[in-house]
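Geometric and topological summary
Chain by chain, the residues:
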Amino acid sequence: MEAVGASSCPLSTGPVDPRVERLVNELIGRVADKWTMLILEVLEEHGELRFTRIGKLVEGISQKMLTQTLRQMERDGLLIRTVHPVIPPRVEYRLTDLGNSLSAAFCGVWMWAAANLDRIEAAREVFDTGRR
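Here goes a summary of the coordinates provided. (Residues numbered from 1 in each chain as written. Predicted model: local features only at pLDDT ≥ 70, side-chain atom pairs only at ≥ 80, totals over all residues. Heavy atoms only, no water.)

Turning to the overall build of the protein, a few remarks are in order. What the protein contains, in helices and strands, is six helices and three strands. Along the protein, helices (α) and strands (β) appear in the sequence α-α-β-α-α-β-β-α-α when read from the amino end. Put simply, the protein has 132 residues, and 22% of those count as buried. Here the contacts in the protein between residues at least 6 apart in sequence split such that 45% fall between residues at least 24 apart. Summed over all atoms, the accessible surface of the protein reaches about 9,700 Å², with 57% contributed by carbon and sulfur. (Helix = DSSP H or I, 4+ residues; strand = E, 2+ residues; numbered from the N terminus. Buried < 20%, exposed > 50% of the residue type's maximum accessible area, 1.4 Å probe, protein only. Contact = heavy atoms within 4.5 Å. Areas by Shrake-Rupley, 256 points an atom, 1.4 Å probe, with all protein chains shown as cover.)

Strand pairs in the sheet, formed through backbone hydrogen bonds, run parallel or antiparallel to each other. Within the open sheet, the three strands sit side by side as E1-E3-E2. Their pairing is antiparallel. Two strands close off the open sheet at either side, each with one partner strand: strand E1 (49-50) and strand E2 (79-84). Against the sheet, helix H2 (residues 34-46) engages E1, E2 and strand E3 (90-95), with an angle of about 95° to E3. (Pairing = 2+ DSSP bridges. Axes fitted to C-alpha atoms, helices over the stretch in contact; angles between N-to-C directions.)

What follows deals with the pattern of salt bridges. Note on pairing: side chains with opposite charge can pair once their charged atoms come close. Applying the stated criterion across every chain, the model contains two salt bridges. Between Glu48 and Arg94 there is a salt bridge, with its nearest N and O atoms 4.0 Å apart. Of this pair, Glu48 sits in the loop between H2 and E1 while Arg94 sits in strand E3, and the two are 46 residues apart along the sequence. You can call Glu48 partly exposed: its relative accessible area is 38%. A salt bridge links Glu92 to Arg90; its shortest N-O distance comes to 3.9 Å. (Salt bridge = Lys/Arg side-chain N within 4 Å of Asp/Glu carboxyl O.)

So, on to the environment of Ser62. Inspection of the secondary structure assignment puts Ser62 in the loop between helix H3 (51-57) and helix H4 (63-75). A polar side-chain atom of Ser62 sits 3.0 Å from the main-chain amide nitrogen of Met65. (Polar contact = N/O pair within 3.5 Å; in protein donor to acceptor, adjacent residues only side chain to side chain.)

Moving on, we come to unusual backbone geometry. Backbone phi values are negative for most residues with the exception of glycine, while trans is the configuration of most peptide bonds. For the peptide bond that leads from Ile87 to Pro88, omega is -10°, which places it in the cis range. Tracing the sequence through the fold places Pro88 in the loop between E2 and E3.

The terminal C-alpha atoms of H4 lie 18 Å apart, and with 13 residues this matches the ideal 18 Å at 1.5 Å per residue to within 8%. Two residues or fewer past H4, Gly77 is found with a positive phi of approximately 80°. (Expected span 1.5 Å × (residues − 1).)

Attention now goes to the pairing of E3. With two bridges connecting them, E1 and E3 associate as antiparallel partners. Note that in E3 the partner of Leu49 across the bridge is Tyr93. Where E2 lies against E3, six bridges are found, and the strand directions are antiparallel. Residue pairing across strands places His84 opposite Arg90, the latter belonging to E3. The turn linking E2 back onto E3 is made up of five residues.

This structure, assessed with the given rule, holds zero aromatic pairs. We note Lys34 situated over the ring of Trp35; from NZ or CZ to the ring centre the distance is 4.5 Å. (Phe/Tyr/Trp six-rings, centres within 6.5 Å; stacked < 30°, edge-to-face > 60°. Lys NZ or Arg CZ within 6 Å of the ring centre and 35° of its normal.)

Nothing here speaks to function; it is geometry throughout.
See below:
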């Protein structure tokens, strides 16, 4: 994936800390991942959930991919994993304030997609028809 430069951000007002640029590039790669986005959506909608419930609500995700994605999201501070000391152990996940703010930031993408759905479908139809 090509790096996103600070010059592409309309809010940029000067030199950008290279650590910020590196973080932005990492986060774009991670949150652009469909599983991260779907888990964010599920936890935003349902609140605290157990591992198996998340797996059922995120259609098509494998147990391995769910484990990897949750672990990375926890590492990034997007969610909190709580292990309850019962037999058998009960593990629950919930978004942190940071995770909630990321979810809110992507709300604009959903609104843009809804507003432009017909235009995108029409453009795809024109493109696909021209390829036949």
